Structures are given as C-alpha cells and as structure tokens.
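Structural overview for review
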Amino acid sequence: MDTMDFIIGKYNYWVYIVLMMIGFYAMIAKNNFVKKLVGMNIFQTAIILYYISIASKKGGATIPIIKEGLDKAHQYLNPLPHVLMLTAIVVMVSTFGVAVAILIMLYRRYGTLEEDEIMAIIKMEKQK
Amino acid sequence: MRIIAIFAVVITGFLLIYATLDMPNWGDPNSPASRHVSPRYIEGTMPETATPNMVTSVLADYRGYDTLGETTVIFTAGIVCLMLLRRVTNGQ
Amino acid sequence: METITSITPLIIISTSLVATFLIFFTDELSKNLREAWTIIASVIKFSFVMSMLPHILDGKLIEYTLVTIAPGLKIQFKVDALGIFFAILASFLWIVTSFYSIGYMRSLNEHAQTRYFCCFAIALSATMGVAMSGNMFTTFVFYEIITLCTYPLVAHKETPEALQGARRYITYLLGTSIAFQLTAIFLTYKAAGTLDFSNQGLLNGAREAGISDLFLTITFILYMAGITKAAMMPLHSWLPAAMVAPTPVSALLHAVAVVKTGVFVVVKVVLHVFGVDLLSSLGLGTALAYFASFTIIVASIIALKQDNLKRRLAYSTVSQLSYVILGVALLTPSAIAGSIMHIVLHAFGKITLFFTAGAIYVATHKTEISQLDGIGKKMPFTMAAFTLGSLSMIGIPPLGGFLSKWYIGIGALEAHQLPIIGVLVGSTILNACYFMPIVYSAFFKEERHDEHHGHSHGHSHSKKGLEEAPTIMVIPLVLTAIGAVALFIAPSIFLELAEMVVESVKG
Amino acid sequence: MIWQLDILILILVVICAIASITVKDLLSSALLLGAYSFLMCLLWTEMGAVDVAFTEAAVGAGISTAFFIGAIYYTTRRTKD
Amino acid sequence: MVNRYENVLIETVTRLLIPAMQLFGLYVIAHGHGSPGGGFQGGCILAASFILMVISYDIKELKSRMSENLNTILCAIGVFIYGGTGLLCVILGGNFLDYSVLHKILPVDPIKARYMGMLMVEIGVGIAVMSVMISIFLNIASRGEHEGALN
Amino acid sequence: MKEQAPILIVAIPLLMAFLNIPFGLFKRTLSYPITVITTFLCVYFSYLIADTVVNNGNISYRLGGWEPPWGIEYAIDHLNAYMLIIVSIVSFIVAIYSKNSIEKEIAKEKTVYFYTIYLLLVTGLLGIVVTGDLFNLFVFLEIASLAGYALVAIGEDRAPLATFNYIVMGTIGACFYLLGVGYLYIVTGSLNITDLTKLLPPLYHSKVVLVAFAFFVVGVAIKIALFPLHTWLPDAYTHAPSTVSAFVAATMTKVGAYAMIRVMFTVFEPSFTLEALPTTEILGWVASAAMMFGCIMALAQDDLKRMLAYILVAEVGYIVMGVSVGNKEGFIGSVLHILNDSFMMVSLFLVAGAIMYKEGHRNIKKFANLHKKMPVTMGCFVIAAISMVGVPPTAGFFSKWYLILGAINAQKWFFVAFLLLSSLMVAVAFFKIIQNTFFHPSESHHKHEEPIRDEVPSGMLLPIFVMSVSLLLIGFLSGQIIDLLIQHAVPKGF
C-alpha cells in the first residue's frame, strides 16, 4: 500500500521523467536534425511540466489571481514556478528559432538534414 | 552512438527517479517550495503592487529583471535569425 | 654576515637586456654599431661585476629583491662568494667570446646575425641571473630563460640536422626541467616553506620537521634528473646533438653559459638547498659521487671514438662536468673547493679548445679529426693554444686543470673514497688518450692530400705559409690559453673565493 | 482537479511524444509536436497554471509549429528515422 | 499552397479574422494585470495575426504595412522600453526596475506607480515579441529571401 | 554612480545593444565605435565595482528594490569583481580588434547585427558573473549561449554544422542546470544563492540535493566543455570567425568555470562538495583525462585554431583540477588560471586571426618565415606560447605553481604528474609551430624572395601587443592579484 501510495502520489513526476527521457534520447541518438529539435522541445517541455507540478497544491488551491474573499497563501497556487516557466518557455522558443535558422543554413549548404549524409559529404569534399 | 545514448538516458533517468524518492508528494501544500518564498508574493501582490494577477506582478515586478533577460533572449533570437538567414538579393 | 642592499645585480642583468634592444633596433643598419653594442655591454657588465668583488671579499653579502610575486615566490638576487665567482667567469668570457664571434660570424658571412647577437646577450643576462639568484625560484626562472634563448642559437643554421639537434636540445632541457626540476622545487617548497638559499641548506631543518628520508631522497633525485644542463649520463645526449650550432655558441654553451649553469645549479642545490650535513647524513653525496664517476669514465671512452672534433670535445665536456659534480658530491672541504675551481679552470680550457675548433673551421673548413694532419704548421698559434687547452684538460702542471684535480683528489682522500682516486687517474689517462693524438698528428704528421675532403670554397691545399683564421679570432683563443696557464700560477682570487665558499658552508 | 482526466491527458502526452519522434514524415512529426504542446497546455490549465498554459498555447502550439512548418516546407519532409 | 481561386475565400476569412486577432492581442497585453495574459502572450497573438496575413496573402502585403527596417527597429524599441524603464528608475533615484519611484513623474502613489510601471514594461515586451516573432517567421519561412513565404 | 555600478555594468551594454540597431541601420559605421565605447564603459564600471569591493566589502544590490529572497539580488564579492574585470577587459580588447577582422570575414550588411550580438554576448557573460540568483543566472546563461551560437554560426563553411551540435549540447547543459535549480527549489523554496547557502546544510542528506548537485555539475561541465563532454568545442571554435573564437574561447568557458565554482563552493558548502560526495576523485580524474586528451589531440592538429581549441580543453581540465583538489592553493591556482588562461587564449586566438587576415590560412605547416613578414605578431605569439607552456616569469607559470602546490598538498601525486606532463605536451605543440615559423629548413636561404614586412593594421596589432605584454605584467603582479582579490574568494572551509 505504501509503495502504491508512493507511486500514485508522484505520478506527475514519473510522467515527466518518461517524457524527458524520450526527448533526451531523441536529442542524442536521432540522425535527423529536425528530429533532434523535436526531441529538444519535448525535453524542455518535460522540465516545464516538472516545475508546474512543484507549484500545484492539493486541497482547493485556486489559480494565482486574487479573488475577493480569498486572502490566505494556501488558497492560491504557488505563482513563482509559473513565472519561471514563462521565462523558460520563451527561452525555449528562442533557442528553437535559432536552431531552425541554422537548420535552414545547413540545408542550403548540403541539401540534406541527415547527420550521416552531411558527414559523408564533408568527407568527400575533404578528399578532393 | 545509439548505445551511448541509451546508456546516458538510462543513467539520467535513474538519477531522476532516485531523486524523486525523496521529493515531497505531488501537490503537497506544506512542501518547502510553497512555504518559503511564495507566500509573500501571494499576500503582497495587492497591497504592494495593486495587481490582482500575481503571475504578472512576480513576472514584471518582483522578478522583473528575469523578464528583462527573457525579453532580451527573444530579441537576441530575432537578431540572430536576421543575421544568419537574411540574404539581400540583388533587387533590394 | 653583513648584508648590503644594492641595485648592482639588477644593473648587471639589465645591461645586456638593454644591449639586446639596441642590437635589435640597430639590426642590419650598421653592423659595426651593432657589434659595438655587444662589446660595450660586455665590458660594462664585467666592470660592474668587478665592482662588487671587494665587498664580497670583505665578507659582505649583496642583496636585492626585485619583486615579490607571492609568498615564497620572489625574484631576489643575493651575491655571495660562489655567485660572484661564477659571475666573474661568465662576464669575462663573454667579452672574449664577443670578439671571437664577431670574427667568426663575419668571416663565414652567416645569416641572421642580429638574432644571434640578441640571443647571445639575453643568454648572458640570464646566466648572470642564475649566478646571482637568491632563491631557487629565481634560479629556475633564469635557468628557463637560458634554455629558451639558446634554442635559436643552436638552431642557427636552420638545416634539418640543426633543427633536429635543436629539437633534442630543447626537449631535454625544457622537458626535464619542467618535469623534474619544477617538481623538486615544489617538493622543496612543501618541505621547507621557503625557497631562499641558505648556507646550511634550506632543507636543513626539514628532517626535524618530520619530513621523511624517502621524500628528501626523491627530491634530490628529481633535482639531479632535472638539471639536465649538467649533462650527467644518461641525460647527456643533448650536448653532442647541440654541436650543430656555430662554434662560438658551442664555446659559450660548453664553457660558460649552459653547462656551467647546470653544474653551478647542482653545486647550489647540494650546498645551499640540501646542505652538506643533510646530504652526508642521508648518504646521498657518495651515491652522487659514484654516479658522476660513472659518467666521467663512460663519456671519456665514448669521446675516444668520435672523429668529429666538436663532438669529441662535447663528450670531453660531459666527462669534465662530472668532475665538478663529483667534487661537490664528496662533501669534504678540499673537494668542494676543487670542484668550484674546476668550473673556472675547465671553462678556460674548454673555451680555448672550442675557439680553436672554430678557427680551424673558418680557416680550412675542416671538422673531422682525421683531416687535421699537419695543420699545426699552417696554424701554429691556434694549435699551440689547442695544445695548452688540452694539457689543461688532462691536468698536467703547470696548467690550471691540475689544480682542481689535485684538490678533488685530496678531497677524496679526506672522504676515504679511494676508488674515486682510481677514477681520477683513469680519466686522466683517457683524457690524454683522446687529446694527445690530435696534438701529435697536428704537429708531427704530414698533411694528407685527400681530395674527398676538399671543399669547393677555393681553399687551395698548398702547404706554403700560414693560414691562420682572422686575427680577431686568434687573439681571444690565445688569451684564453694564456689564461689557463695563468690560473695555475696565480689562482689567487678564484681560490680565495672558493675557500670562502667552503668556509661559509662549513658554518 | 479530476485525476482520471489528468491521467488520460498524461498518457496521451506520452503517446504524442513517442509518436512525434518516431514517424518518418517530418510534417506529421511537427503536427504531432503541436498536438503534444496543446495537450500539455490543457494539462497545465487543469493544474491551474493558466498563464503558462496560455503562453504554451501561443508559443508551443502556435508560433513554433509555424516555424517548424516553415522550415520543413523549404527543406525536406522525409527522413530515415 | 493555395491557388488563385481558393484565395477569395481565404482572403475574406482572414480579412475578418486579422483585426479580431489584433484586437484580442492588444486586450491580452493591456489586461495582463487582472487576468491570464500579458506582454508575451499578447505579442505572440499579434505576431500570429501577421503570420496569418503572410500565409494567406504574401510577404509583400505585410511589407507594404510594415517595412523590414521598421520591424527590426521595433524589436529594439520594444526591449528598449523595458530596459529604459529600468534605467529611468535609476535616474529618478531608485534601484533598477524599482517602479515605485515613478510616482515622481506620474500622478499616482508609489503602489499604483508599480502598476503603471508594469504596464509600461508589458507594452514593451508585447512590441518586442511581436516584431521578433514576425521577423523570425519571415526569415525562416522564406529562407531569408523575403519573397513569397510558404506559397 | 558608484552604488549603481553593479547594474550599470549589465544594463549599459544591454541598452546599447538595443540602440545599436537603429543607429546601425541609420549608418553602418556607427556600430563599431558604439561597441568600443560601451565595452570601455564596462571596464570602467568593473573597476568601480572592484574598487568598492576591495575597500568596502561585498556589495548587495536589490533589483526592483525588493529584499533578497523575494526579489533578485546582485551579490558581489571578490570573486565576482575579479571575473567582471576579466570579462570586461577581454571584451574591450577584442572589440578594438574586431574592426578589420570582421570586415574581412563577415558580409558587410551583417556587421550591425554582429556588433549587436557581440554586445549581447558581453551582457550575458557579465550578467552571469554578477548575479546572485540561480534562475537569473540561467537566463543570462541563455542570452550568452544564444549569442554565442549565432556568432559561431556566421563563421566558415562548416560553422553551421558545428553550431548545430553546439546548440544541442548547450541546450542539454542549460536544461540540466535548470533541472538542478528546480530540484533545489522543491526542497528549499528559494532561488537566492545567499539564502540557499543558509537553507541547504540541514538537507545535505536528501537525495534530491545530491541529484541537484550532480545535474548542476554536469550541466555546467557541458558548458565549459569538460572532457568527455567537450565534443562540441573544437569544431565550434575552429570554424567561428577569428574575433569570435578569441572572445568566446577566452570568456565563455571561464565564466562557466566561475559558475561551477559558485555552485560547488557557495551554494553548497565545501564540506558537502568535497566530503559528502566523491567530487574530488571524479572531477580530478576527469580533469586529468581532459588535460591528457586535449594535449594529445592538440599535438595532432595542423590547423592553428583547432590546436588552440584542443589546448583549451586541456586548460579547462587545469581549472577543474585545481578546484577539485579542495584546498586553498588549488583553489587560488584555479581562479588565477581563469585570468591567465583567458588572457593567453585571447592573445593566441588574436594572433591566429591576424595570420588568417594576412595569409588567408592557418595551416601551421605553411608558417615558414612568417616572423619576417609579421615580426611583432609572431613575437607576441611566442610570448603567449611560452606563457601557455608555463615558463616563468610569464603569467602561466604562477597559476600552474599554485595548481601543482595544491595537488601536492592534497597528496595527489598523479595529478602533479599529469599537470607536468601536459605542460610538456603543450610545449611540444607550440615549439612545433615556433620551429616551423622561425627556423624553417627552407631551401631559399639565398637572398631571393626575402619576405617583405607586412604587418596587420595597427587596430589589430595593438590589442595583440597589449595582451601579450600584459601576460608578462600579470606574471609579476599575480601576488598582488591574489592578495587583493583571490584570497578573499577562497571558501571558508579551506
């Protein structure tokens, strides 16, 4: 019962770990650059999920906007992780934008987005 | 490559799970995260900044400097894309 | 002991640095001016060194701290008897070598002369630095500078062989000094908390402070392995390889700057870092003495087999340097005095020999010993100097070399090391075996008309008349040969200084 | 908070993530990623993080999908893995 | 992507949609204090409206309304408003981004001044985000040539 | 002015970066002077800050006027001030240098953007150094990283590929760091470094804290390219424009190292870092491997910049090793090496850029007789190289001195051996170049084809000269630097 409680009590965390691992794997192991970026997105979103999970409070806490009549701290969700994650999302999309820009540069230059094919092209050019 | 990747992923995953064992349960209102700094934001947002949305007040005031950084990140990304991709064709 | 704070050491070092700049900027604009700078600097430097001599003889100490970089790390000069001894030697021989190199470089019309003179001046500057350094750190700094700025000198010819030799040179010297000497300095610092030289040895109190014997032994071995400039076997092979350098450089390397710095640092380490008492109680002195003996004998035997004159001289140097180490390793007063004397006596002898080798090369383009038959008739002054030099090397009175061997021999008796006497005798015989044939064939053999060795430089092999090298080269070598004789007859100042050193380390 | 819904969304999210890195068509991958973002955004709304959800909707499901499509449109749709 | 005949439908829909989106974006920026939203989200919505314009019409259409240089300068101005507000606080004698000192130049009390400061900042963020997003999209979607994105 | 200096040092380059766009679009030539003036102001402010810290002790600056655990705080101690000086001086020097080099290597219409991003990079680095808040550090880390990606990407032909790998690795690093922050947040509820220092000790047994520490270290290790996570660095720094390589090589890894020191010794106490975990062992061995690997790879390179990049990998190993031995000498050595290495890297990369500018290549096999063509440049190169090898009295020696002393004090004899061995290998690598240049066994000793003297423009020459002369100066001043700044930065547990 204890373990069950333990697993259920933290199911959000388990899911974020799974997502993070999926993203991490895609980032390292995938051959296609676009896939790597997809992995990167998943990876970062997983971290955001983790932070949002920190913020939540059980027992009727409401969204972090002041309502009339509610003035106790435990009645609201923790706003700080939300703020941090707003920033993180923005950072994420910026990184993503830059990465996509570089993808396009790569495609312009090599005509492909597969890592091994680009490596082969570079090797061929070196031999010339 | 794939084997290294799986290895790295498994190790990271193991670390994460290991850490989760000691974490406060999900949604625990008494976790340190909810008790140490954040109550001030919740209680202070109206009297100190007159803003009901505490996310906005934290974002733009209490931790406004982070947001300046964030906006700068966006700006950087924009200029970067402009610099890397923009090609002025002969017409322009 | 009275200590004087004086800026003179700094002036001495900066003299040649200033000269370097002047030389560099004069460049090819005016060769005479450029070379004049060298001469002027060397004379000024010598006179400054001499100006310190009276104070030292009075038993005073001249000290100057340039900069303290961190606790324990300071550039500090401290001139004592040993230091001024080496300084006088180096600065005097620089004057002589300067004249000689001008002659040599001009008559061979060498390239990159500015670089040559610049590096030469810096090397001398650094040698002075080593001579006058007041702590191990300063010694190390200047030691490295010598290595770095003699590298271009060795590589001067820029031929593949020269480069290879230079590479070996830099590898051995820089490599071992970083790997071993630096480690040893670290260990010393850790054990003693300071690097300042002291007459009793800066590690003297280390044993009482709980430093283990093994630690001290390792440190000592690291020092000995790190001071490769002393060319002890098995780390000697850079020295013959460096023979590709122009002859004045070889003379400088072998007689004054590089190798003498090496043995000088060894002497410093033995006397001022470890101290006589510590070493003798650890039994390391005797071990070092036998090690040096081994080098003396083996290097002499190798020298026998060399046909190239400069290489033979190089192996002779390897062997002779170990005399100095042997002497100081015996740790008895006479032996130490002898070894210190040997620094100067060998310097005069060996520089003469190299000068003659260079003169022969300039005059006839001959480098091999087998080509030297009958050359004594063409170059009587040169070969006479050569004879004197080699006699001094062998150690026959009335030449300087005798003196030091005598002292070392007495020292060996004092230390009850009879085998060392055997080594001295054996090496003297070997020395004779590799020098005397040259003298013999130069004067008593007829010149062989062997066209294979002829050079295309239009040197006709006519027997008639003198074919001496330019006067500017002959005068220095004659002078140094005379010096070798004079040192036997009147070794007064040097001997006095050596005795002061012995006295001071004995407490 | 309805935990059944919560779990359902979480499962869907994982499925979308796996799908988007395994499909061979990059455009589908991008769209699946958009769906993933949208589901995430639902999840966060449901967890009370309205601002973050709003942002994620605007960015993850909107702008970055547009970037993706823009990039894929001019490069290539097919991939080997 | 779209051929000439389908364009009529799309153009009509977008013509109606774009102003609505832009209005909503402005609302989100302005009303970030009381409800979810703020500069960033509003900026994104505004950007989305322009991106929609690009997709359904053409890049030239956008450029006729907002030249490239203007857009780039808007990026800078947006962020500069933010940073400048911070610097203004320093000039007025407070710490960086300490909006309460703004009451010296605004006719409000220090607490309300914080509110105003935040609004100012959000507007800056909105402008910056909008123009940056447009810029990135244009460059990505047209490979930097700014001609006929996605169609 | 003085009390506002901590924020102005970040805000000024930031605002100038924004202003650079309209000014630059108005007139392209304005960008360069703006950049130079701005970076000069940074130097000035960093001097003001250091002055205050040395005379009046630590500075705490409250952004937005909110007291620390709630608002963001700039907490500046001696280490911060020291890093600020390094970063701002390097950025100033490189900014001066950039003009000619950039004109040659980058398309004209991109220069405005280049300088904007350059300023943003400076901002990011200064922001990382000056902040006292973990999340704020992350934000500025990202600014710096994004700017870094972009600057690398505009380099040579293969730069985009290198950049893409850099982005992937860099993002992983940043995310790990973010995760570490999150883990600390969940157990303490705070993001402020000073606050965390107080809150963490009772929690040292927690698995969360352990894992957070691991993620911090791994994340930062990726950013500083610690072996074996260095794979992105050699490619990226080789193919970037010379100006960028010089700046990024000199500052990025150093600032990362700073972040590592902060996390290891300020956020966590030394007792935790060194005793509760096998940090000393693991990091020490990893660093040794980095030194060996970097040097061996450097020996095999023909491309000057690539060689320098590998040496940089080794130098990172030095810094980390000094930190890992866990005593005062090692720590001082590390911190001093941050300064020395960044100055040495700047001079060497600037020289590489100058050679690139004049010769159009950097293949060290073709360097013959370059010293006749560019005597000053090559002279400076020699000084920097000697310093890199660690020959006294150049700067490089003194940091190695402390590093080795630290290793000896910690009884880590293997580390001593590795340090010395890698110095030797660096020596070999540089002497190969020096020999190729100065003593090339060329057939053309005869007078024909004597290369004419053809130095780079003075705008490039001056920075190179200043940097290499400063290497000598720093050598002599290192005692003062330690006295004034570094020894106050040593953590209390040592």
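Residues numbered from 1 in each chain as written. Chains lettered and ligands numbered in written order. Predicted model: local features only at pLDDT ≥ 70, side-chain atom pairs only at ≥ 80, totals over all residues. Heavy atoms only, no water.

1. Digging into the overall build of chain C
A count of helices and strands for chain C gives 20 helices and 3 strands. Against the globule reference of 23 Å for 507 residues, chain C gives a C-alpha radius of gyration of 22 Å, in line with a compact fold. Long-range contacts, defined here as pairs at least 24 residues apart, represent 80% of the contacts in chain C between residues at least 6 apart. Of the roughly 16,500 Å² of accessible surface on chain C, a fraction of 66% belongs to carbon and sulfur atoms. In chain C, which carries 30 positive and 28 negative side-chain charges, the distance between the mean positions of the two groups comes to 5 Å. (Helix = DSSP H or I, 4+ residues; strand = E, 2+ residues; numbered from the N terminus. Rg over C-alpha atoms; globule rule 2.2 N^0.38 Å. Contact = heavy atoms within 4.5 Å. Areas by Shrake-Rupley, 256 points an atom, 1.4 Å probe, with all protein chains shown as cover. Lys, Arg positive; Asp, Glu negative; His and termini not counted. Charge placed at Lys NZ, Arg CZ, Asp CG, Glu CD.)

2. Let's talk about the packing of aromatic side chains
The full count for this structure, using the stated rule, is 70 aromatic pairs over all chains. With a centroid separation of 5.9 Å and 80 degrees between ring planes, the pair formed by W232(F) and Y237(F) is classed as edge-to-face. Among the aromatic side chains, those forming a connected cluster through ring pairs are Y13(A), Y16(A), F24(A), F43(A), Y50(A), Y51(A), F176(F), Y183(F) and F215(F). When the ring centre of Y115(E) is taken as reference, the NZ or CZ atom of K112(E) above it lies at 4.3 Å. Here K104(F) stacks its cationic end above the ring of Y357(F), 4.7 Å away from the centre of that ring. (Phe/Tyr/Trp six-rings, centres within 6.5 Å; stacked < 30°, edge-to-face > 60°. Lys NZ or Arg CZ within 6 Å of the ring centre and 35° of its normal.)

3. A look at the interface of chain B and chain D
With 4 residues of chain B at the contact, the number on the chain D side is 5 residues. Here chain B packs against chain D, burying approximately 290 Å² in sum over the two surfaces, 56% of which is carbon and sulfur. Counting every contact that joins chain B to chain D gives 0 salt bridges. Considered class by class, the residues forming the side of chain B that touches chain D number 2 nonpolar, 1 polar and 1 charged. (Buried area = accessible area lost by both parts, 1.4 Å probe. Salt bridge = Lys/Arg side-chain N within 4 Å of Asp/Glu carboxyl O. Nonpolar A, V, L, I, M, F, W, Y, C, P; charged D, E, K, R; others polar.)

4. With respect to the pairing of strand 1 (residues 59–62) of chain F
Residues and elements named next belong to chain F. What you see with strand 1 is a clean split: I59 and Y61 sit on the buried side and S60 and R62 on the side with no burial. As paired strands, strand 1 and strand 2 (residues 73–76) are joined by 4 bridges and run antiparallel to one another. Looking at strand 2, one finds that I59 is bridged to I76. (Buried < 20%, exposed > 50% of the residue type's maximum accessible area, 1.4 Å probe, protein only. Pairing = 2+ DSSP bridges.)

5. Re the sheet that holds strand 3 (residues 73–79) of chain C
Whether parallel or antiparallel, the strands of a sheet pair through hydrogen bonds between backbone atoms. Spatial strand order, 1-2-3 (chain C): 3 strands in an open sheet with mixed pairing. Sheet topology places strand 1 (3–5) and strand 3 of chain C at the edges, where each strand pairs with a single neighbour. If you compare each strand with its neighbour and ignore which way they point, the axes differ by 35 degrees on average. Two elements, strand 1 of chain C and strand 2 (residues 61–70) of chain C, share 3 bridges in a ladder whose sense is parallel. Within the sheet, the bridge partner assigned to I4(C) lies in strand 2 of chain C and is I62(C). Across the sheet, helix 19 (residues 458–489) of chain F is in contact with strand 2 and strand 3 of chain C; its angle to strand 2 of chain C comes to roughly 75 degrees. (Axes fitted to C-alpha atoms, helices over the stretch in contact; angles between N-to-C directions.)

6. As for the nonpolar core
Generally speaking, nonpolar side chains in soluble globular proteins are found buried as a group. Among the nonpolar cores identified, the biggest contains 579 residues, and Y16(A), Y65(B), W44(D), Y82(F), Y183(F), F268(F) and F430(F) are the most heavily contacted of them. The greatest single-element share of this core, amounting to 22 residues, is contributed by helix 4 (residues 79–110) of chain A. Among all residues touching F430(F), those that are not within four sequence positions of it are M307(F), L308(F), I311(F), L348(F), F381(F), A385(F), M388(F) and V389(F). (Core = buried A, V, L, I, M, F, W, Y, C linked by side-chain atoms within 4.5 Å.)

7. Notes on the interface of chain B and chain A
The interface of chain B with chain A comprises 47 residues on the first partner and 47 residues on the second. Both sides together, the interface formed by chain B and chain A hides about 4,300 Å², and carbon and sulfur atoms give 74% of it. Contact with chain A buries area across many residues of chain B, yet W26(B), I42(B) and L85(B) alone supply 18% of it, more than any other trio. Run the count over chain B and chain A and you get 0 salt bridges. If you list the elements that add at least two residues to the side of chain B that touches chain A, you get helix 1 (2–20), helix 2 (32–35), helix 3 (38–49), helix 4 (54–62) and helix 5 (64–85) of chain B.

8. Notes on unusual backbone geometry
Each neighbour pair has its own omega, and for F227(F) with P228(F) the value is 0 degrees, a cis peptide bond. You will see that A231(C), though not glycine, has its phi angle at about 55 degrees, which is positive. For A231(C), a relative accessible area of 0% gives the class buried. One non-glycine residue, L97(E), lies in positive phi territory at about 65 degrees. Its place among the elements puts L97(E) in the loop between helix 4 (68–91) and helix 5 (110–141). Taking relative accessible area as the criterion, L97(E) reaches 1% and is therefore assigned buried.

9. With respect to a nonpolar patch on the surface
Judged by side-chain polarity, L5(D), L8(D), I11(D), L12(D) and I15(D) come together as a nonpolar surface patch covering roughly 430 Å² of accessible area. Locating L8(D) in the fold gives a position in helix 1 (residues 3–22). (Patch = residues over 30% accessible without salt bridge, like charges linked within 9 Å, V, L, I, M, F, W, Y side chains within 5 Å.)

10. With respect to the pattern of salt bridges
Within this structure, the stated rule accounts for 25 salt bridges over all chains. Taking the shortest distance from any N to any O, the salt bridge between R106(C) and E35(C) comes out at 2.4 Å. Taken together, the positions of R106(C) in helix 3 (residues 81–108) and E35(C) in helix 2 (residues 31–57) put the pair 71 residues apart, joining distant regions of the chain. Residue classification places R106(C) among the partly exposed positions, given a relative accessible area of 38%. Owing to a relative accessible area of 3%, E35(C) belongs among the buried residues under this scheme. When the shortest N-O distance is used, the salt bridge between D303(F) and R362(F) registers 2.8 Å. You can see D303(F) sitting in the loop between helix 12 (279–299) and helix 13 (304–325) and its partner R362(F) sitting in the loop between helix 14 (328–359) and helix 15 (370–373), a full 59 residues away along the chain. The exposure class of R362(F) is buried, given its relative accessible area of 7%. Salt bridges sharing partners connect three or more residues here, namely R109(A), E125(A) and D157(F).

11. Regarding helix 3 (residues 78–105) of chain F
All names here are of chain F. With 28 residues, helix 3 should cover 40 Å at 1.5 Å per step; its first-to-last C-alpha distance of 38 Å lies within 8% of that length. The axis of helix 3 is deflected most strongly, by about 50 degrees, at S98. For helix 3, the capping residue at the N-terminal end is D77, with a side-chain oxygen 3.1 Å from the backbone nitrogen of L79. (Expected span 1.5 Å × (residues − 1). Bend = angle between axes of the 7 residues up to and from the residue. Polar contact = N/O pair within 3.5 Å; in protein donor to acceptor, adjacent residues only side chain to side chain.)

12. Notes on helix 6 (residues 159–188) of chain F
All names here are of chain F. An ideal rise of 1.5 Å per residue puts 44 Å on 30 residues; helix 6 measures up with 42 Å between its terminal C-alpha atoms. Within helix 6, 29 of the 30 residues are buried, which leaves the element mostly enclosed by the surrounding structure. Among the residues trailing helix 6, G189 stands out with phi positive, at a value near 80 degrees.

13. Overview of the packing of helix 4 of chain A against helix 5 of chain E
Running from N to C, helix 4 of chain A and helix 5 of chain E cross one another at 20 degrees; their axes reach a closest spacing of 10 Å. As judged from the angle between their axes, helix 4 of chain A and helix 5 of chain E are roughly parallel. Viewed along their axes, helix 4 of chain A and helix 5 of chain E form a crossing whose handedness is left-handed. Between helix 4 of chain A and helix 5 of chain E, the contacting residues are V93(A), G97(A), V100(A) and I104(A) on the first element and M133(E), I136(E) and I140(E) on the second. (Parallel < 35°, antiparallel > 145°, perpendicular 65-115°, else oblique. Left-handed = near helix turned anticlockwise from the far one by under 90°.)

14. Some details on the layout of surface pockets
Quantified by volume, the second largest pocket comes out at close to 1,400 Å³. Looking at the lining of the second largest pocket, the elements that each hand over two or more residues are helix 2 (11–29) of chain A, helix 1 of chain B together with helix 6, helix 8 (207–223), helix 9 (232–239), helix 12 and helix 13 of chain F. If one sorts the elements of the lining of the second largest pocket by residue count, helix 8 of chain F sits on top with 9 residues. Of the residues contributing to the lining of the second largest pocket, the split by class is 37 nonpolar, 5 polar and 4 charged. (1 Å grid on protein atoms, 1.4 Å probe; cavity = no way out; pocket = protein on both sides within 12 Å on 5 of 7 lines; lining within 4 Å. Points joined across faces, edges and corners; volume = space filled by probe spheres on them.)

15. Re the state of the cysteines
With the rule as written, the count across this model stands at 0 disulfides over all chains. No disulfide involves C119(C); its sulfur sits 6.1 Å from the nearest other cysteine sulfur, which is in C149(C). Free of any disulfide, C41(D) has its nearest cysteine sulfur in C44(E), 13 Å distant. (Disulfide = S-S within 2.5 Å.)

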